[in-house]
Amino acid sequence: MSMTFPVALSGARAETLMWAHEHEVEPAALNQLRNISRLPWVEGLRVMPDVHLGKGATVGSVIAMRDAVSPNAVGVDIGCGMIGVRTSFTAADLPDDLSRLRSRIEAAIPVGFHAHDQQVDLRRLRPVKGSGGAERLRGEEAFWDRFETLHPKVRQLETRARKQLGSLGGGNHFVEVCLDQDDTVWLQLHSGSRNIGKELAEHHVGIAKRLDHNQGIVDRELAVFLAGTPEMDAYLNDLWWAQEYAARSRAVMMALAVQAFRDEFPGVDVTFDEGVNVHHNYVAREQVDGAELIVTRKGAIRAGKGDLGLIPGSMGTGSYVVRGLGNPRSYWSASHGAGRRMSRTKAKQVFTTDDLAAQTAGVECRKDAGVLDEIPGAYKDLDSVIAAQQDLVEVVARLRTVLCVKG
C-alpha cells in the first residue's frame, strides 16, 4: 500500500486531509471526523496518523474554525504534552539495575491520583536549561493571582490544584529514562493539567451544550463558543491559564526528576540540556490561508519549520525527537504519539500480565494489572506512525526506553 499522504476523507464537508488511510481507522472515528467537518464554523480539518476515537472530537485531529471554538476539540486534559531533556550521561554510566532510580523518581513525583503533601517550593528547584523551566519556575505569584478569574465552580479547588502542580497523574502519562541512537541518556515525561484542567473543561462543555446556536448541530458533544460572546471569552481565559498550568507542571516535574537523577549519582558531574516542552491538547490563534483562525490540536503537536517536538509511543516503547518541516497542508502539525488501536477495556480483556511482562522486557517499570490497559500491544506501531508523516517532520533522535514510571 502506498504511503503517499495526505488523502481526502470521503463524505466530509469542509476540506479534510488525512495522514492515514480510511481502512486503518475505526468506523466510529471516521464518523466523528465527518461530523466535525460538517460544523458550519469549520474551515478545514487535518487528521494525524495516530488518529482514534475520542470524546466529542477525534484524537489526532487539527481543526481550524472561523470565529468559534469547541471545548471538546481540545479535550478535558487541557495542555497535555511532553517535555524532554538530553543529559551528559551515556548508557555506560547507568547501573544494570535501575530499580533504585525508579523508586527515587516515584518518591519525588506523585503518580496516579496522588499529589504533593504541600505545594512544591519552587525556590529549591534548579531549572533545566532549554526546557522552558527557568521562566516557568518564576512568576508563580502572578500566575496564581489569575486563579480568581477562573470559572466560579473551580475556585474551591485552588489548594488541590497547587498541590497537584508537579505531579504526574495516571492513564498514558509517564516519566521515562531513555537512550538515543548514540546511547546518550534522555529524561522525558508526559502529563497535563490534572484535575483542574478536567474540571474547567467539563464546566465549559456543559455551558456550550446549552447555548441556542448548538441545539441543531450534528453532535452536541461538538458544541462551540462563538467569538465576541462572554461565554467564549470566559472559556479562553480559563483555557490559557490551564495550558500554562500544564506547561509549568511539566517544568516542575522535570526539575524534580533531574534532582532525583543527581541524588542517585552523587558526586558525578552530569549536565542536562536540549529541552523540548510542547503541548499536544491545546488552542492557538493562527494565520491559515491569510485569515486568522482558531486552531485546536487534540492529540497533535505544532510542527512549524524548525519546531522541535516529542512523539512518544506507548509504555516503554520509546519516542522520537522530531523537527517540524513546516508543511502548511497539515496546518503545521504532526502526530502526538502512537495512538491507541484498542480501548482500555478491550486491552484488559485481550492481554494478561504475562503479556505485559513480555512486551516490556528489558524495561524497568511496573508490570502489574494496574497498568495493563497501557500495554504496548494496545497502541499502534510508533515507527509506522512516524513513517506516515515524513512530509511533516524529520527525525532528530530515536529514543528507546530503559526505565518507565507510570501512575
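Further up the page is the structure itself.
The structure presented is a predicted model; accordingly, all values stated were derived computationally and were not measured. (Residues numbered from 1 in each chain as written. Predicted model: local features only at pLDDT ≥ 70, side-chain atom pairs only at ≥ 80, totals over all residues. Heavy atoms only, no water.)

Caption draft 1: Representation of the overall build of the protein chain. Of regular secondary structure, the protein chain possesses 10 helices and 17 strands. For 407 residues, the compact-globule estimate of 2.2 N^0.38 gives 22 Å, and the protein chain sits close to it at 20 Å. In terms of principal-axis extent, the alpha carbons of the protein chain reach across some 65 × 55 × 40 Å. Sequence separation of at least 24 residues holds for 74% of the intrachain contacts in the protein chain that already meet a minimum separation of 6. Of the roughly 16,200 Å² of accessible surface on the protein chain, 48% is carried by carbon and sulfur atoms. Here the protein chain contributes 48 positively and 52 negatively charged side chains, and the mean placements of these two sets differ by 3 Å. (Helix = DSSP H or I, 4+ residues; strand = E, 2+ residues; numbered from the N terminus. Rg over C-alpha atoms; globule rule 2.2 N^0.38 Å. Contact = heavy atoms within 4.5 Å. Areas by Shrake-Rupley, 256 points an atom, 1.4 Å probe, with all protein chains shown as cover. Lys, Arg positive; Asp, Glu negative; His and termini not counted. Charge placed at Lys NZ, Arg CZ, Asp CG, Glu CD.)

Caption draft 2: Representation of the packing of aromatic side chains in the model. Under the definition given, this model contains 12 aromatic pairs. Three or more aromatic residues joined by ring pairs form one cluster here, namely Phe-143, Trp-144, Phe-147, Trp-241 and Tyr-245. Arg-46 extends its terminal NZ or CZ atom over the ring of Tyr-331, reaching a point 4.2 Å from the ring centre. (Phe/Tyr/Trp six-rings, centres within 6.5 Å; stacked < 30°, edge-to-face > 60°. Lys NZ or Arg CZ within 6 Å of the ring centre and 35° of its normal.)

Caption draft 3: Quick look at empty space enclosed by the protein. One pass over the structure, following the stated rule, counts one cavity of 30 Å³ or more. If you trace the largest cavity, you find it lined by Leu-122, Arg-136, Glu-140, Phe-143, Trp-144, Leu-165 and Arg-248. By residue number, the principal contributor to the lining of the largest cavity is helix α4 (residues 140-145), which donates three residues. The class makeup of the residues in the lining of the largest cavity is four nonpolar, no polar and three charged. (1 Å grid on protein atoms, 1.4 Å probe; cavity = no way out; pocket = protein on both sides within 12 Å on 5 of 7 lines; lining within 4 Å. Points joined across faces, edges and corners; volume = space filled by probe spheres on them. Nonpolar A, V, L, I, M, F, W, Y, C, P; charged D, E, K, R; others polar.)

Caption draft 4: Here's a closer look at the state of the cysteines. Summed over all chains, the structure comprises zero disulfides. Not engaged in a disulfide, the cysteine Cys-365 finds its nearest cysteine sulfur in Cys-404; these two sulfurs lie 5.8 Å apart. (Disulfide = S-S within 2.5 Å.)

Caption draft 5: Examining the packing of helix α6 (residues 194-210) against helix α7 (residues 230-264) more closely. Packing of α6 against α7 brings their axes to within 10 Å, and their N-to-C directions diverge by 165 degrees. Here α6 lies roughly antiparallel to α7, going by the angle between them. The handedness of the crossing between α6 and α7 comes out as left-handed. Taking contact as the criterion, the partners of Ile-196, Leu-200, His-204 and Ile-207 in α6 are, on α7, Glu-231, Ala-234, Tyr-235, Asp-238, Trp-241, Ala-242 and Tyr-245. Here the residues of the contact of α6 with α7 sort into eight nonpolar, one polar and two charged. (Axes fitted to C-alpha atoms, helices over the stretch in contact; angles between N-to-C directions. Parallel < 35°, antiparallel > 145°, perpendicular 65-115°, else oblique. Left-handed = near helix turned anticlockwise from the far one by under 90°.)

Caption draft 6: Region of the structure containing the layout of surface pockets. Taken as a whole, the second largest pocket spans an internal volume of roughly 200 Å³. In terms of lining residues, the second largest pocket is bounded by 13 residues, among which Glu-24, Pro-49, Lys-380, Ser-384 and Val-385 are the most central. Of all elements in the fold, only β3 (42-52) and α10 (382-387) reach the threshold of two or more residues within the lining of the second largest pocket. Residues of the lining of the second largest pocket, tallied by class, amount to nine nonpolar, one polar and three charged.

Caption draft 7: Representation of the environment of Ala-388. Along the chain, Ala-388 turns up in the loop between α10 and β17 (393-406). Ala-388 gets classed as buried once you look at its relative accessible area, which sits at 7%. (Buried < 20%, exposed > 50% of the residue type's maximum accessible area, 1.4 Å probe, protein only.)

Caption draft 8: How the structure looks around the side chain of Ser-314. Here Ser-314 lies in the loop between β14 (308-312) and β15 (319-324). Classification of Ser-314 by relative accessible area gives buried; the value is 5%. If we skip the residues at most four places from it in the chain, Ser-314 touches Glu-176, Glu-374, Pro-376 and Tyr-379.

Caption draft 9: Focus on the nonpolar core. Formed by 63 residues in total, the largest nonpolar core has its most connected members in Leu-94, Ile-105, Ile-196, Trp-241 and Phe-261. Only β6 (81-90), α2 (99-108), α4, β7 (174-179), β8 (184-191), α6, α7 and β17 provide two or more residues apiece to this core. It is α7 that contributes the most residues to this core, 16 residues altogether. Discounting chain neighbours no more than four positions away, the residues touching Leu-94 are Phe-89, Leu-179, Val-185, Phe-261, Phe-265 and Val-402. Phe-174, Trp-186, Phe-351 and Val-393 belong to the second-largest nonpolar core, a separate cluster that totals 48 residues. (Core = buried A, V, L, I, M, F, W, Y, C linked by side-chain atoms within 4.5 Å.)

Caption draft 10: Structural detail: the environment of Asp-383. Its location among the elements puts Asp-383 in helix α10. Not counting chain neighbours up to four residues away, the residues in contact with Asp-383 comprise Tyr-320 and Arg-398.

Caption draft 11: Main features of the packing of α2 against α7. Viewed as axis vectors pointing N to C, α2 and α7 meet at an angle of 140 degrees, and their least axial separation amounts to 9 Å. In terms of orientation, α2 lies oblique with respect to α7. As for the relative orientation of α2 and α7, their crossing is right-handed in sense. Residue-level contacts link Arg-100, Leu-101, Arg-104, Ile-105 and Ala-108 of α2 to Leu-256, Ala-260, Phe-261, Asp-263 and Glu-264 of α7. For the contact of α2 with α7, a count of residues per class yields six nonpolar, no polar and four charged.

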